[in-house]
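Residue-level listing of the chains:
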Number of protein chains: 2
Amino acid sequence: MFIESYNQQEKVLLAVDCIIFGFDKENLKILLVKRDIEPEKGKWSLMGGFLNAGENLDDAATRVLHRLTGLSNVYMEQLRAYSAPDRDPVARTVSVSYYALINISEHTEINEDFSAKWFDIKKFPDLIFDHNTMVANAMSRLRYRASTKPIGFELLPEKFTMKQLQTLYEVILGETLDKRNFINKINALDILLKTDEKDMKSSRKGSFLYMFDEEKYKVKVSDGFTFKL
Amino acid sequence: MFIESYNQQEKVLLAVDCIIFGFDKENLKILLVKRDIEPEKGKWSLMGGFLNAGENLDDAATRVLHRLTGLSNVYMEQLRAYSAPDRDPVARTVSVSYYALINISEHTEINEDFSAKWFDIKKFPDLIFDHNTMVANAMSRLRYRASTKPIGFELLPEKFTMKQLQTLYEVILGETLDKRNFINKINALDILLKTDEKDMKSSRKGSFLYMFDEEKYKVKVSDGFTFKL
DNA sequence: CCAAAAGTGTTATGGATACACCCATGA
DNA sequence: TCATGGGTGTATCCATAACACTTTTGG
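Residues numbered from 1 in each chain as written. Chains lettered and ligands numbered in written order. Predicted model: local features only at pLDDT ≥ 70, side-chain atom pairs only at ≥ 80, totals over all residues. Heavy atoms only, no water.

Before going further, it helps to examine the layout of surface pockets. Residues and elements named next belong to chain B. Computed from the structure, the second largest pocket encloses a volume of approximately 560 Å³. Phe153, Glu154, Leu156, Phe212 and Glu214 are the residues nearest the centre of the second largest pocket, which is lined by 24 residues in total. Taken together, the elements giving at least two residues each to the lining of the second largest pocket come down to β10 (207–212) and α5 (214–222). The residue makeup of the lining of the second largest pocket, split by class, is 14 nonpolar, 4 polar and 6 charged. (1 Å grid on protein atoms, 1.4 Å probe; cavity = no way out; pocket = protein on both sides within 12 Å on 5 of 7 lines; lining within 4 Å. Points joined across faces, edges and corners; volume = space filled by probe spheres on them. Helix = DSSP H or I, 4+ residues; strand = E, 2+ residues; numbered from the N terminus. Nonpolar A, V, L, I, M, F, W, Y, C, P; charged D, E, K, R; others polar.)

Surrounding DNA strand D, one finds 16 residues, the nearest of these being Lys179, Lys205 and Phe208 of chain A together with Asn181 and Lys205 of chain B. Restricting attention to atoms of DNA strand D within 4 Å of the protein, one finds that 32% of them are sugar or phosphate atoms. Counting only elements with at least two residues in the surface near DNA strand D, the list comes to α4 (179–189) and β9 (207–212) of chain A together with α4 (179–189) of chain B. With 5 residues, the single largest contributor to the surface near DNA strand D is α4 of chain A. Residue composition of the surface near DNA strand D, grouped by class: 2 nonpolar, 7 polar and 7 charged. (Near = heavy atom within 4 Å.)

All right, on to the pattern of salt bridges then. Residues and elements named next belong to chain A. What the rule picks out here adds up to 20 salt bridges over all chains. Here Lys216 makes a salt bridge to Asp190, at a shortest N to O gap of 3.2 Å. Of this pair, Lys216 sits in helix α5 (residues 214–222) while Asp190 sits in the loop between α4 and β8 (192–199); the two residues are 26 residues apart in sequence, bridging distant segments of the chain. One salt-bridge network, held together by shared partners, links Glu77, Arg141 and Arg145. (Salt bridge = Lys/Arg side-chain N within 4 Å of Asp/Glu carboxyl O.)

Next up on the list: helix α3 (residues 162–173) of chain A. Residue and element names in this part refer to chain A. When the terminal C-alpha atoms of α3 are compared, their 16 Å separation across 12 residues agrees well with the 16 Å that a helix rising 1.5 Å per residue should span. A large share of α3 lies buried, amounting to 10 of its 12 residues. Lining the buried residues of α3 we find β1 (11–23), β2 (28–34), α2 (131–146), α4, β8 and β9. Directly beyond the C-terminal end of α3, a positive phi value near 70° is found at Gly174. (Expected span 1.5 Å × (residues − 1). Buried < 20%, exposed > 50% of the residue type's maximum accessible area, 1.4 Å probe, protein only. Contact = heavy atoms within 4.5 Å.)

With that settled, consider the interface of chain A and chain B. Put simply, an interface is often sized by how much accessible area is lost when its parts join up. Taken residue by residue, the interface counts 52 residues in chain A and 52 residues in chain B. Summing both partners gives a buried area of about 4,400 Å² for chain A against chain B, and 61% of it is carried by carbon and sulfur. Inspection of the chain A/chain B interface yields 13 residue pairs in polar contact (both at pLDDT 80 or more). Elements with a minimum of two residues in the side of chain A that touches chain B: β1, β2, β4 (47–50), α1 (57–69), β5 (75–82), β6 (93–101) and α2 of chain A. Among the elements that make up the side of chain A that touches chain B, the one with the highest residue count is β1 of chain A (7 residues). Looking at chain direction, β1 of chain A and strand β1 (residues 11–23) of chain B are connected through 3 bridges and run antiparallel. Considered in β1 of chain B, the bridge of Val12 of chain A is made with Val12 of chain B. (Buried area = accessible area lost by both parts, 1.4 Å probe. Polar contact = N/O pair within 3.5 Å; in protein donor to acceptor, adjacent residues only side chain to side chain. Pairing = 2+ DSSP bridges.)

Within the structure, DNA strand C sits among 17 residues, and Asn181 and Arg204 of chain A together with Lys179, Arg180 and Phe208 of chain B are positioned closest to it. Counting residues per element, the surface near DNA strand C draws most heavily on α4 of chain B, which supplies 4 residues. In terms of residue class, the surface near DNA strand C is made up of 2 nonpolar, 6 polar and 9 charged.

This next bit is on the sheet that holds strand β8 (residues 160–161) of chain B. Residue and element names in this part refer to chain B. On the basis of which strands lie adjacent, the open sheet formed by 3 strands has the order β8-β10-β9 and antiparallel pairing. The open sheet has two edge strands, β8 and β9 (192–199), and neither has a second partner. Across 2 bridges, β8 lies against β10 in antiparallel orientation. Opposite Thr161, over in β10, you have Leu209 as the bridge partner.

Another point: the side chain of Gln166 of chain B. Mapping Gln166 of chain B onto the fold places it in helix α3 (residues 162–173). According to the relative accessible area criterion, Gln166 of chain B is buried, its value standing at 7%.

Structure representation (C-alpha cells):
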C-alpha cells in the first residue's frame, strides 16, 4: 500500500476456501461440504472459513482443514485471491483459495458436523459462488506441481504399488502413460524404496510395495537434483 | 467461507502491490516509489494502494498502475496474498501482489508525485515490509511465464531486433543463450513478422527489426499451438 | 582496410517414445 | 491349466546443444 492514508479505507471480510484432493487408488476426488447456512443452504461448497485476528492465511487454511478432517501436517499450497465485489451475496468477502493433498485410505475421520462427502473430480455437483472456478484453477496448479515436485506421494498411503502411483499420475495429468516408460522414469529418479512386502489384493502374483524415500530426496535436492516427471 | 456466521468476523484492510517490470534494451528493471508517509517514510517500496468498494483486485491493481504510469492495457497477473499479521505495523493489512510488464522506451511519463525510479533487478535498495519477498516471487513467476507465454513482447517496443529479444530472455531466465539456437527456435515458432526496416544504432551493418504477430499467434493457439521456449 | 556486430546450418548427443513377451499364482 | 495382472529391455526418433565463419559498412 502507498499514499492513501490507512484511515477511511474500506475493510473487507477475508476468507479461505480449501480444495481438498484425495485419491482412492483409482480416482482423484475432492471433499465437499453441504452448506448449512443461507444463502445457498443445502448446496455443495468447498470447505472454508474466515481469517481470524492474529492469524495468517496459511494458518487459517490449516485450521479450516483440521476442523473438517482432524488432520495436521497436510500438504497445502496457496492458489490465489478471488475478489469480484458481488461474489458473495451476503457481504463483501475476498477469498483466498488453498489446495490440500490428503491420503484418504489412512484417515477417514471426516467431521460429521459438516456433512462432507468425497466426489470424483470428473463429476461433482455445481458449487456455490465461484467455487467451480476455484476447483478448475486448483486442478491446473496440481497438474503443474505434480510434474515439478514429488507431491503425488502426499495422496498415497505410506506403502503403495507402482500401479497405484502410475494411476495417480494418469488421473492428475489426464492422460494414459506407458507402463514400462513410467517405471523406468520413476526408477531413474531413484527416490523410491522397494520394500519386500507385496500387495496381494490386486492380483494372484501380488505386486511389490514401495515407499517414498523423503530423506534421500532431500539429500538429492540439496545436491542440485530437481524432480521432473 | 462456511459455517461461521458473517457477523462478528474481523475485517481487514486489503491492498495490492505492484511489481512493475521494464526492460531498457539491456537490463531488466523494476519501478519503485519513495514512500512519503510514515511508517518507513523515505524508504523505497512497491507501488500499491487499497482495494476500493465495488472494485475487484485486478481493477485495483490496474488503477494503481495507471495512477503511477498513466498506462492502460498493461499486462498484469496476480501473484499471491501476503498475510503475516504484523507485516504492516500500522494496521492489519493483507496485500495481494501483481506484476506488470511495461515497455519503458515508449512511455516515460511516470507521475512525478510519487518520486518513482527505475532500478536494475540485480541491484535495488532494500524495500519496506515484505516487499523484497514479493519481488523475488514475482521474478520466479516471470521466469516461468516467459517460457510458457509470449509475454516478452510486452516489455519490448513494437519493433525490436533479435538481439534485443535474446538479451531480454537472457536477463529473465538468468542464463546466456546461444545466438543461433535462439534464433532458430524463435523462427520455428513462426510468430514474428520481419519488417524491412533496420535498426542502425547498434552496428554499421544494421539489424532487421521484427514485430510480434499477435493475430497469427492467436490463430495458432486456437489451432492447438502452445508457446514454449 | 579494419573493427564491430549481424547473419547463417550442420552435426552430435541424450532424453523421450514405442513396443511384446514371460512370470507367478490362485482358483 | 488357464486367466489375470506383474514385471522387464531395447531400438528408434526427435528435440536440444554445440559449434565458426562470412557479410556489411562507417570511419
